[in-house]
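This is what each chain is made of:
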Amino acid sequence: MNLWISEAQTKDLELRARVKETLFMGKSDFQEIAVVDSHQFGRMLVLDGVFQTSVTDEFIYHEMIVHVPLYTHPSPKKVLVIGGGDGGTIREVVKHECVEKAEMVEIDGLVVDVCKKFLPEISEAMIHNHPKLELKIGDGISHMKQAENKYDIIIVDCSDPIGPGKGLFTPAFYTNVYKALKDDGLFVQQTESPFYHQELITYVNKEIRQLFPITKMYLANIPTYPSGLHCFTMGSKKYDPIQSSVENQQGLTTRYYNKDIHRSSFVLPNFVQELLK
Ligand code: SAM
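Cut-offs applied
- Residues numbered from 1 in each chain as written.
- Predicted model: local features only at pLDDT ≥ 70, side-chain atom pairs only at ≥ 80, totals over all residues.
- Heavy atoms only, no water.
- Pairing = 2+ DSSP bridges.
- Helix = DSSP H or I, 4+ residues; strand = E, 2+ residues; numbered from the N terminus.
- Axes fitted to C-alpha atoms, helices over the stretch in contact; angles between N-to-C directions.
- Contact = heavy atoms within 4.5 Å.
- Buried < 20%, exposed > 50% of the residue type's maximum accessible area, 1.4 Å probe, protein only.
- Near = heavy atom within 4 Å.
- Polar contact = N/O pair within 3.5 Å; in protein donor to acceptor, adjacent residues only side chain to side chain.
- Nonpolar A, V, L, I, M, F, W, Y, C, P; charged D, E, K, R; others polar.
- Parallel < 35°, antiparallel > 145°, perpendicular 65-115°, else oblique.
- Left-handed = near helix turned anticlockwise from the far one by under 90°.

K.L.:
Mind showing me how you'd approach the sheet that holds strand β1 (residues 3-10) here?
P.N.:
Each strand in a sheet pairs with another by means of backbone hydrogen bonds, the pair being arranged parallel or else antiparallel. Pairing is antiparallel in the open sheet, where 5 strands are placed in the order β1-β2-β3-β4-β5. On the outer flanks of this sheet lie β1 and β5 (50-54), each paired with one strand and no other. Taken over all neighbouring pairs, the strand axes of this sheet differ in orientation by 45° on average, direction set aside. Here strand β3 (residues 32-38) runs beside strand β4 (residues 42-47); their pairing, made up of 6 bridges, is antiparallel. Residue pairing in the sheet places V36 in a bridge with M44 of β4.

K.L.:
Would you mind showing me how to read the sheet that holds strand β7 (residues 101-106) here?
P.N.:
Strand order in the open sheet formed by 7 strands is β8-β7-β6-β9-β10-β12-β11, and the pairing between neighbours is mixed. Whereas interior strands pair on both sides, the edge strands pair on one side only; in this sheet they are β8 (133-137) and β11 (214-221). Across the sheet, the axes of successive neighbouring strands diverge by a mean angle of 15°, strand direction being ignored. Sitting on the sheet, helix α1 (residues 58-72) is in contact with β6 (78-83), β9 (151-157), β10 (181-190), β11 and β12 (229-236), with an inclination near 160° to β9. Sheet contacts for helix α7 (residues 198-211): β10, β11 and β12; angle to β12, the most-contacted strand, approximately 10°.

K.L.:
Got a minute to help me understand the side chain of S193 in this structure?
P.N.:
Here S193 shows up in the loop between β10 and α7. With a relative accessible area of 1%, S193 lands in the buried category. Setting aside anything within four residues of it in sequence, one finds S193 in contact with Q198, I201, P226, S227 and L229.

K.L.:
So what exactly am I meant to see when it comes to the site of the ligand here?
P.N.:
The environment of the ligand is formed by 26 residues, the closest being Q31, E106, D139, G140 and Y225. With respect to the ligand, the backbone of I107 contributes an N or O atom lying 3.2 Å from a nitrogen atom. Within the residue set of the shell around the ligand, elements represented by two or more residues are β4, β7 and α5 (140-146). Of the residues contributing to the shell around the ligand, the split by class is 11 nonpolar, 10 polar and 5 charged.

K.L.:
Explain the side chain of E92 here, please?
P.N.:
You can see E92 is positioned in helix α2 (residues 88-93). Reaching out from E92, the side chain makes a polar contact with the side chain of H67 at a distance of 2.8 Å. A polar atom in the side chain of E92 sits 3.0 Å from the side chain of R91. Not counting the four nearest positions on each side in its chain, E92 is found in contact with H62, E63, V66 and H67.

K.L.:
Explanation requested: the pairing of β5 in the structure shown.
P.N.:
Side-chain direction in a regular strand flips from residue to residue, so the side chains alternate between the two faces of the sheet. When you tally the buried positions in β5, you get 5 out of 5 residues, the bulk of the element. Bridge count between β4 and β5: 4 bridges; the pairing is antiparallel. Paired with V46 across the strands is F51, a residue of β5. In sequence, β4 turns back onto β5 through a hairpin of 2 residues, with D48 there showing a positive phi of about 50°.

K.L.:
Please explain the packing of helix α6 (residues 171-180) against α7 as it appears in this structure.
P.N.:
If you want to describe how two helices pack, look at the angle between their axes and the distance between the axes. The contact between α6 and α7 brings their axes to 10 Å, and the two run at 40°. Compared by their axis directions, α6 and α7 come out oblique. The two elements α6 and α7 meet at a crossing, and its hand is right-handed. Taking contact as the criterion, the partners of P171, Y174, T175 and Y178 in α6 are, on α7, Y203, V204, E207, I208 and L211. Classifying every residue of the contact of α6 with α7 by side-chain character gives 7 nonpolar, 1 polar and 1 charged.

The analysis is restricted to geometry; functional conclusions fall outside its scope.
Put into structure tokens, the structure is as follows:
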């Protein structure tokens with residue numbers, strides 16, 4: 001059988017993976033959900049035709065969206081994850097001993113259920129109801145309107161700025177994120193590819209800079225994401241991720257993140273620096 005799944009990464013470019021087996025296909029109130037087992041990347045979650053994560057390269061994204069902010073803050077106790085329905089981000093958050101409570105607000109309960117069934121190594125913290133985890137199925141945008149001075153760290157592990165994720169890239173949302181953070185809090189959002197999403201990156205940086213005294217972007221190489229080069233944008237009220245002492249690492253076992261990667265991921269090629277001017 002010669003079955004392929006493809007993602008249109010731009011209107012002129014597709015990434016195709018040869019599929020061994022389709023494990024799930026369905027539609028929730030919010031999006032089309034598929035899990036396929038691919039030859040190259042193993043099991044993959046696909047939402048509205050966009051590759052979200054794969055069991056082969058998920059560690060890069062999840063370690064980088066979590067350990068960079070959590071090791072920038074000297075003692076994060078209360079962490080909020082918005083989105084992240086596959087559970088990989090929350091799995092990494094609860095590994096930090098200093099974290100007392102890890103809240104997660106995901107809009108789509110079916111994504112959570114499907115990932116628990118087909119991607120258990122990613123969603124293990126949700127499967128085992130980790131004692132630090134408080135999982136809420138709901139809209140992250142509304143959740144942010146209610147919170148004030150509450151979190152040390154907010155991680156926006158969202159899908160692309162289309163569909164239910166669109167409102168997670170607006171000035172109103174960022175203002176609520178700022179308010180929901182404590183006086184020394186910080187936040188990180190996945191902000192797509194510096195090759196293909198340049199306008200988005202420039203826009204997000206401009207918005208974050210208007211709110212947060214410290215705004216930084218960092219990079220990671222993630223094979224299943226468009227162009228392979230992915231970026232994250234951080235807004236921080238107090239702690240600088242480059243100057244912060246990452247020596248306070250608690251010896252977590254990681255496959256991508258380490259203290260040198262922490263610093264070097266903020267070193268940006270000139271064409272990326274240009275986007276932030
Ligand atoms: N790592 C992924 C990436 O960059 O492609 C993102 C993974 S995660 C699966 C994205 C999640 O964000 C999806 O499960 C989606 O349902 C959720 N999401 C989208 N909009 C949301 C909203 N407004 N509130 C909460 N969760 C949302």
